[in-house]
Amino acid sequence: MKTLVYVDHVDGVIADATFELVALAQSVGSSSVEALVCAGNEEIVEKVAAQLPGIENVIAASSSEFENYLPNLHLQCLNETIELKNPDLVLLSYSTSGVDMGSGAAYASNLPLVCYVTEMTIEASEMVTASQVYGGKLVANVKTPLPAIAVVMPGAIKSDLAKKDTTPAIETITTPTDTTNIKVVESLQPESGGIDLTKAERIVCIGRALGGTEKLPIVEELANTLDAEVAGSRPVIDAGWLPKARQVGKSGTKVKPKLYLMAGVSGAAEHLEGMSDSELIIALNSDEQAPIFSKAHYGAVCDMFHVLPVLTERLQNNS
Ligand SMILES: Cc1cc2nc3c(=O)[nH]c(=O)nc-3n(C[C@H](O)[C@H](O)[C@H](O)COP(=O)(O)OP(=O)(O)OC[C@H]3O[C@@H](n4cnc5c(N)ncnc54)[C@H](O)[C@@H]3O)c2cc1C
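Just so we're clear, the structure is a prediction, and the values are computed from it rather than from any experiment.

S.K.: I keep staring at the sheet that holds strand β15 (residues 280-285) and nothing clicks. Help me out?
M.R.: Whenever strands of a sheet pair, they do so through backbone hydrogen bonds, lying parallel or antiparallel. With respect to topology, five strands assemble into an open sheet ordered β13-β12-β14-β15-β16, the strand pairing being parallel. Each end of this open sheet is capped by a strand with a single partner; those strands are β13 (229-232) and β16 (298-301). Going from strand to strand, the sheet's axes swing by 15° on average, the running direction of each strand aside. Taken together, the five bridges between strand β12 (residues 202-206) and strand β14 (residues 259-263) define a ladder with parallel strand orientation. Counterpart to Val204 in the pairing with β14 is Leu261. Its contacts with the sheet place helix α5 (residues 216-226) against β12, β13 and β14, and it is angled at close to 170° to β12. Along the sheet, helix α8 (residues 304-317) contacts β12, β14 and β15; its crossing angle with β14, the most-contacted strand, is approximately 140°.

Structural data, given as structure tokens:
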């Protein structure tokens, strides 16, 4: 089985989710794994290839037009590579580019597409997947004949790559020319606000259930007691209760602390994407059906406004 992986990278720094795709390709028994890299120049292609010893071939589209992410141009490259290579399986991450390109590639190649994939096996030329739907509240088990395209949730697959000594060969393809009028004017990095959640060993994350800033001191006191950073789910940031630098998730920061204590967070797929690699996940939620309970190592069905102050007091008194 031939598998093609689309590489998500910024200036040659590969996203963790791409390593997970390569590991997935290996674990489902691909006989060959190739990776498509769209990059601004050849040095970046080489930098990417050097980080992917688990694959046979890097298919490189390098041109100054690829310095920035242009959805149509990258999609055109992916479509042409699928036509050229005829892979049995095409893997993309559920990232900004993966979401953009998955459906476009399925349309152009007339291949079936499964999104939000969290598990995959290949059985008798069929792709058997579990997919999160309705923000993780339901899991859809889907069987799809190969060849097929899958858009895989970051963080769902363990990224232990099979060790290979060889660096992949680089095969250059002709790059298409952008025929749209999309131009990147400027790339802006989000303001850090002096906080780097990626370095935090302990995080207390609060969700929409906070309801406003009045009760934020309850959360901050627990965080201080634990020597932890306070973080929030997206609704907390959108409401302005915490600054953007404290958002965890798909459109926020991806964190891997030793302790991730979350209260009043439902556990939507976009939030899990940012924290599911945490070593110890503890969830407090008043709804026993909340999706987070299938991800947390420990959980309590409770009113967080009752439990958080008691927990702080116990920790302070060491009782
Ligand atoms: C493209 C895209 C990107 C996104 N990026 C992100 C992202 O980066 N980060 C992110 O977090 N989300 C992101 N989202 C939003 C995501 O889909 C969810 O809407 C969001 O994570 C829900 O936040 P929440 O769990 O705080 O709120 P809710 O889903 O409303 O959950 C609140 C939870 O609190 C519980 N609760 C209520 N009262 C109490 C109480 N007293 N005690 C205990 N528990 C209580 C409820 O049972 C519920 O489970 C994104 C969505 C999209 C489409």
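S.K.: Could you clarify how one ought to interpret the packing of aromatic side chains in this entry?
M.R.: Two aromatic rings are characterised by how far apart their centres lie and by the angle between their planes. For the structure on display, the rule yields one aromatic pair. On the numbers, 5.0 Å between centres and 50° between planes, the contact of Tyr94 with Tyr116 is tilted. Here Tyr94, found in the loop between β6 (89-93) and α4 (96-109), pairs with Tyr116, found in strand β7 (residues 113-123); they are 22 residues apart in sequence, far enough to count as distant. We note Lys215 situated over the ring of Phe305; from NZ or CZ to the ring centre the distance is 4.2 Å.

S.K.: I tried to follow the nonpolar core on my own but got confused; where do I start?
M.R.: Here is a general trend for soluble globular proteins: nonpolar side chains tend to be buried in one another's company. Counting residues in hydrophobic clusters, the biggest one holds 31 residues, and the most contacted among them are Leu52, Leu91, Met120 and Val152. When residues of this core are traced back to their parent elements, those giving at least two are α1 (16-27), β4 (32-39), α2 (42-50), β5 (57-62), β6, β7 and β10 (148-152). Take this core: its biggest share by element is five residues, from α1. Apart from the residues lying within four places of it in its own chain, the contact partners of Leu52 are Val7, Ile14, Phe19, Val22, Ala35 and Pro168. One finds Met101, Ala106, Ile173 and Ala269 within the second-largest nonpolar core, a separate group that totals 25 residues.

Rules of the game
- Residues numbered from 1 in each chain as written.
- Predicted model: local features only at pLDDT ≥ 70, side-chain atom pairs only at ≥ 80, totals over all residues.
- Heavy atoms only, no water.
- Pairing = 2+ DSSP bridges.
- Helix = DSSP H or I, 4+ residues; strand = E, 2+ residues; numbered from the N terminus.
- Axes fitted to C-alpha atoms, helices over the stretch in contact; angles between N-to-C directions.
- Contact = heavy atoms within 4.5 Å.
- Phe/Tyr/Trp six-rings, centres within 6.5 Å; stacked < 30°, edge-to-face > 60°.
- Lys NZ or Arg CZ within 6 Å of the ring centre and 35° of its normal.
- Core = buried A, V, L, I, M, F, W, Y, C linked by side-chain atoms within 4.5 Å.
- Buried < 20%, exposed > 50% of the residue type's maximum accessible area, 1.4 Å probe, protein only.

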